[in-house]
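Architecture and fold: a report
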Amino acid sequence: MNETHKLVIIVGSVREGRFGPVVASWVADRAREHGGFDVDIVDLADADIPLALPEVSPLFAGDSYPRPEKMASLTSHLQEADAFIVVTPEYNHSYPASLKAAIDWHFSQWKAKPVAFVSYGGAAGGRHAVLHLENVFTELHAVTIRDGLAFPFYYRSWTDEQPQDEAAPGYAKAMLDQLAWWAAALHAARSAIPYPA
Ligand SMILES: Cc1cc2nc3c(=O)[nH]c(=O)nc-3n(C[C@H](O)[C@H](O)[C@H](O)COP(=O)(O)O)c2cc1C
């Protein structure tokens, strides 16, 4: 399993003054260090993601789903990816609407691919958001990765754009090892046998 797989790290928040890009950049550095991935960061703030969806479902429309022009780069990154890391804050005990909209505009792009989570927030470190996301990605036939990272009170536990918890790089390595395993396994499986849904 020496080949690399395409990893897309999604910045889930689009709020002004958001912290998400700091976390995504740190995670991307860990993923590059890991060596098992070609790493891209996809920032949802760069895409046009309307809340109003087309009449047809992306499940049935396939490639002809009518997406906005400024969503094309997001869609092709999701399409090409072998694995995802979703970087999410917690908004009112869930994840941001920007992330839900981006997820709902796509369907096949998630299918039979692994998704890991890195969250941040107050006391719960974004865990409520991740629990909801795990549920959503199961509906999309994605495989969620058990190990992830959660950063409680990130405004106290990060300085100079780095987490102060010395255990964090080790947790990142464990998550990335699992993600790489699933990326390789599911890439091979998708190539060998059409997914039955
Ligand atoms: C609308 C809103 C709701 C929030 N609700 C929660 C919450 O339920 N739990 C929590 O830990 N933090 C909550 N927060 C605080 C966020 O975790 C914190 O603002 C974080 O920086 C948001 O990520 P972002 O900067 O990338 O947007 C909330 C923030 C916003 C803007």
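Residues numbered from 1 in each chain as written. Predicted model: local features only at pLDDT ≥ 70, side-chain atom pairs only at ≥ 80, totals over all residues.

- Under an unreviewed UniProt entry, the protein has the name NAD(P)H-dependent FMN reductase and belongs to Micromonospora krabiensis.

**Here's the deal with the overall build of the protein**
- Summing up its helical and strand segments, the protein has 7 helices and 8 strands in all.
- Relative to the compact-globule value of 16 Å for 197 residues, the protein shows a C-alpha radius of gyration of 16 Å, a close match.
- Its C-alpha atoms give the protein principal-axis dimensions of roughly 45 × 40 × 25 Å.
- Taking all 197 residues of the protein together, 34% fall into the buried category.
- In the protein, the share of contacts with a sequence separation of at least 24, taken over all contacts with a separation of at least 6, comes to 80%. (Helix = DSSP H or I, 4+ residues; strand = E, 2+ residues; numbered from the N terminus. Rg over C-alpha atoms; globule rule 2.2 N^0.38 Å. Buried ≥ 20, exposed ≤ 12 C-beta atoms within 10 Å, placed from the backbone. Contact = placed C-beta atoms within 7 Å.)

**A word on the environment of Val-143**
- For Val-143, the location among the structural elements is in strand S5 (residues 143-144).
- Its 19 C-beta neighbours within 10 Å are what place Val-143 among the partly exposed residues.
- A C-alpha to C-alpha distance of 9.6 Å links Val-143 and Ala-83, two positions 60 residues apart in sequence.
- Setting aside its immediate chain neighbours within four residues, Val-143 contacts Pro-114, Trp-182 and Leu-186.

**Describing the site of the ligand**
- The local shell around the ligand holds 13 residues, among which Ser-13, Arg-18, Pro-89, Gly-121 and Gly-122 are the closest.
- Of the residues assigned to the shell around the ligand, the class counts are 4 nonpolar, 6 polar and 3 charged. (Near = placed C-beta within 6 Å. Nonpolar A, V, L, I, M, F, W, Y, C, P; charged D, E, K, R; others polar.)

**As for helix H4 (residues 97-104)**
- Here H4 has its buried residues at Ser-98, Leu-99, Ala-102 and Ile-103. All buried residues of H4 fall inside an arc of 130° around its axis, so they share one side.
- In this fold, the buried residues of H4 make contact with helix H3 (72-80), strand S3 (83-89) and helix H5 (127-139). (Arc of directions from axis to C-beta.)

**Some thoughts on the UniProt feature "domain: NADPH-dependent FMN reductase-like" (unreviewed entry) in the protein**
- Under the present numbering, the feature "domain: NADPH-dependent FMN reductase-like" (unreviewed entry) in UniProt falls on residues 6-152.
- Here residues 6-152 runs as 33% helix and 23% strand, with 29 Å between its end C-alpha atoms. (UniProt positions renumbered as here; feature names shortened; annotations may be inferred.)

**Points about the environment of Tyr-195**
- Among the secondary structure elements, Tyr-195 is positioned in the segment after helix H7 (168-192).
- In the structure, Tyr-195 is positioned 49 residues away from Arg-146 in sequence and 22 Å away in space, judged by C-alpha atoms.
- Once you skip the residues sitting within four places of it in the chain, Tyr-195 turns out to touch Lys-111, Ala-112, His-141 and Arg-190.

**Considerations on unusual backbone geometry**
- Positive phi, close to 50°, is recorded for Asp-160, a residue that is not glycine.
- Inspection of the secondary structure assignment puts Asp-160 in the loop between strand S7 (158-159) and strand S8 (162-163).
- Accessibility expressed as a C-beta count within 10 Å gives 6 for Asp-160, which makes it exposed.
- Unusually for a residue other than glycine, Glu-161 sits at a positive phi of about 65°.

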